[in-house]
Amino acid sequence: MVSQSTKYDHLFKNVIPNTIDGIRIFGKNDDYVKPQNYDNVLNLENRIWAELFQNLEFLLDQYASREYLLGMRTLPIPNNMFPEFEAISPLIENSTGWTLVPVAGFLDEELFFDINKKRQFPVTDIIRQSPRFDEKYAGVDIQNDEGYTPEPDIFHDIQGHIPFLMNKKYADFMWEIGVLGDEIIIDERGLGPDLMAHNLKRLQNYAWWTYEFGLISNTGESDRFRRAANDMDYEIYGAGIISSFDEITNVVKCAKGESERSRFLPYNMEEMVMTCFDYSNIQDRYYVIESMDSLYDSFRNNQELFWFEG
Ligand SMILES: [Fe+2]
């Protein structure tokens, strides 16, 4: 695990002690694959899914990015019951080569990037607010709200991330992040453990501010895919926003000047890699990219930011 502090931590801005005690983190030597037992999904769990999904459906139709909307339309992700991993995975594989890997919970960075490098995306099969979720985290002080949970759950994993993996360019970008993460962890450049940990945190910050909580400038071009026109300056592409009712409504309110809780900042890769985040709260900032292509280009052209040498 790379959450331990290193001597380079003082270089980061916005340092937040993000630790949840008592949660099991799975590594590559653990039995981390846990097939989805679809026949055993409870009616109650389907109802939780339906409620979460339907609560967001219209908001996302209006505000989510084009890549998301198109992916959602082509995948069997129902609005009223648990999605079935084995029904989704072959379709993604056919489009972009990614597959879903059902996992037992949080994965450590090494395992996470290693499976991303194989174009595999980890998905969990439990849902927030369900008895199985409570049972798994019994004795752990973890947020478990309808609006948000910091835990990977099926709603975040499938509803938030998976539609994007139908897009070829996005899927390649995610794969490149996995490859880079793996190169950093195996310390390909021989920088030593402190710099390895520091550079990995830079990559985690970057992932957070982009594919987890990023926004795109709204040019109006995606409106033809929407039922109602997007009436704010941004489109949402961060999966952490997409799977959280609280976070979406915060973005919309701040964008419309009805709240000042969070700021919208221009994409600045140097700043983003050095800015830590708080996963247990509404974000205090969102970085805005000009376009998905500009994000991919910038990531490819600035890899040195992840190879800080001290
Ligand atoms: Fe995520």
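This write-up is about the structure you can find in this document. (Residues numbered from 1 in each chain as written. Predicted model: local features only at pLDDT ≥ 70, side-chain atom pairs only at ≥ 80, totals over all residues. Heavy atoms only, no water.)

Comments concerning the overall build of the protein
- Counting its regular elements, the protein contains 12 helices and 6 strands.
- Against the compact-globule benchmark of 19 Å for 310 residues, the protein has a radius of gyration of 19 Å, which places it among compact chains.
- C-alpha extents for the protein along the principal axes are approximately 50 × 45 × 40 Å.
- Relative to its full complement of 310 residues, the protein shows a buried share of 57%.
- Carbon and sulfur atoms provide 47% of the accessible area of the protein, an area that totals close to 13700 Å².
- Distance between charge centroids for the protein: 2 Å, based on 28 positive and 52 negative side chains. (Helix = DSSP H or I, 4+ residues; strand = E, 2+ residues; numbered from the N terminus. Rg over C-alpha atoms; globule rule 2.2 N^0.38 Å. Buried < 20%, exposed > 50% of the residue type's maximum accessible area, 1.4 Å probe, protein only. Areas by Shrake-Rupley, 256 points an atom, 1.4 Å probe, with all protein chains shown as cover. Lys, Arg positive; Asp, Glu negative; His and termini not counted. Charge placed at Lys NZ, Arg CZ, Asp CG, Glu CD.)

Notes on the nonpolar core
- The biggest cluster of nonpolar side chains holds 86 residues, and the ones touching the most others in it are Ile-158 and Ile-162.
- Ranked by the residues each element gives to this core, the list is headed by helix α8 (residues 193-212), at 9 residues.
- Contacts of Ile-158, omitting those with residues within four sequence positions, involve Trp-49, Ile-77, Pro-83, Phe-85, Ile-88, Leu-100, Val-123 and Pro-163.
- Tyr-32, Ala-104, Leu-111 and Ile-115 belong to the second-largest nonpolar core, a separate cluster that totals 8 residues. (Core = buried A, V, L, I, M, F, W, Y, C linked by side-chain atoms within 4.5 Å. Contact = heavy atoms within 4.5 Å.)

Describing the side chain of Gln-283
- Here Gln-283 is to be found in the loop between α11 (269-273) and β6 (285-289).
- Overall, Gln-283 belongs to the buried group, its relative accessible area being 2%.
- What Gln-283 contacts, discounting residues up to four positions off in sequence, is Trp-208, Trp-209, Phe-213, Glu-247, Asn-250, Ser-262, Phe-277 and Asp-278.

Description of unusual backbone geometry
- The phi dihedral of Arg-119 is positive, around 60 degrees, even though this residue is not glycine.
- If you check the backbone angles, Gln-129 has positive phi at about 70 degrees while not being a glycine.
- By secondary structure assignment, the location of Gln-129 is in the loop between β2 (120-123) and α5 (131-136).

Concerning the environment of Tyr-279
- Mapped onto the secondary structure, Tyr-279 falls in the loop between α11 and β6.
- Look at Tyr-279 and you get buried, because its relative accessible area is 18%.

A short note on the coordination of the iron ion
- In this structure, His-156 (NE2), His-161 (NE2), Glu-212 (OE) and Glu-212 (OE) serve as the protein donors to the iron ion, at separations of 2.0 to 2.8 Å.
- When the donors of the iron ion are listed by position in the chain, the intervening gaps give H-x4-H-x50-E.
- A residue is classified by how much of its surface remains accessible, and His-156, at 12% relative accessible area, is buried.
- For His-161, a relative accessible area of 3% corresponds to the buried category. (Donors = N, O, S within 2.8 Å, 3.2 Å for Na, K, Ca; no water.)

Things to note about helix α12 (residues 292-301)
- The complete set of buried residues in α12 reads Met-292, Leu-295, Tyr-296, Ser-298 and Phe-299. One side of α12 carries all its buried residues, which in axial view fall inside an arc of 165 degrees.
- Contacts made by the buried residues of α12 are with α2 (66-74), α7 (168-185), α8, β3 (215-217), α11 and β6. (Arc of directions from axis to C-beta.)

A few points about the packing of aromatic side chains
- A complete count under the given rule lists 19 aromatic pairs for this structure.
- For the pair Trp-49 and Phe-82, a centre-to-centre distance of 6.2 Å together with 65 degrees between the ring planes defines the contact as edge-to-face. One end of the pair, Trp-49, is in helix α1 (residues 43-63); the other, Phe-82, is in the loop between α2 and α3 (85-96), and 33 residues separate them in sequence.
- With a relative accessible area of 0%, Trp-49 lands in the buried category.
- An aromatic cluster is defined as three or more aromatic residues linked by ring pairs; in this entry it consists of Tyr-68, Phe-164, Tyr-170, Phe-173, Tyr-206, Tyr-296, Phe-299 and Phe-306. (Phe/Tyr/Trp six-rings, centres within 6.5 Å; stacked < 30°, edge-to-face > 60°.)

A few points about the packing of α8 against α12
- Interaxial distance between α8 and α12 falls to 13 Å at its minimum, and their mutual angle equals 175 degrees. Viewed along their axes, α8 and α12 adopt a mutual orientation that is roughly antiparallel. Along the contact surface, α8 presents Leu-203, Tyr-206 and Thr-210, while α12 presents Leu-295, Ser-298 and Phe-299.
- Tallied by class, the residues present in the contact of α8 with α12 amount to 4 nonpolar, 2 polar and no charged. (Axes fitted to C-alpha atoms, helices over the stretch in contact; angles between N-to-C directions. Parallel < 35°, antiparallel > 145°, perpendicular 65-115°, else oblique. Nonpolar A, V, L, I, M, F, W, Y, C, P; charged D, E, K, R; others polar.)

A look at the pairing of β6
- Burial within β6 is extensive, with 5 of its 5 residues counted as buried.
- In this structure, β3 lies alongside β6, joined through 2 bridges in parallel fashion. Along β6, the bridge assignment pairs Ile-216 with Ile-289.
- As paired elements, strand β5 (residues 263-266) and β6 share 4 bridges and run parallel to each other. Across the sheet, the residue bridging to Phe-264 is Tyr-286, located in β6. (Pairing = 2+ DSSP bridges.)

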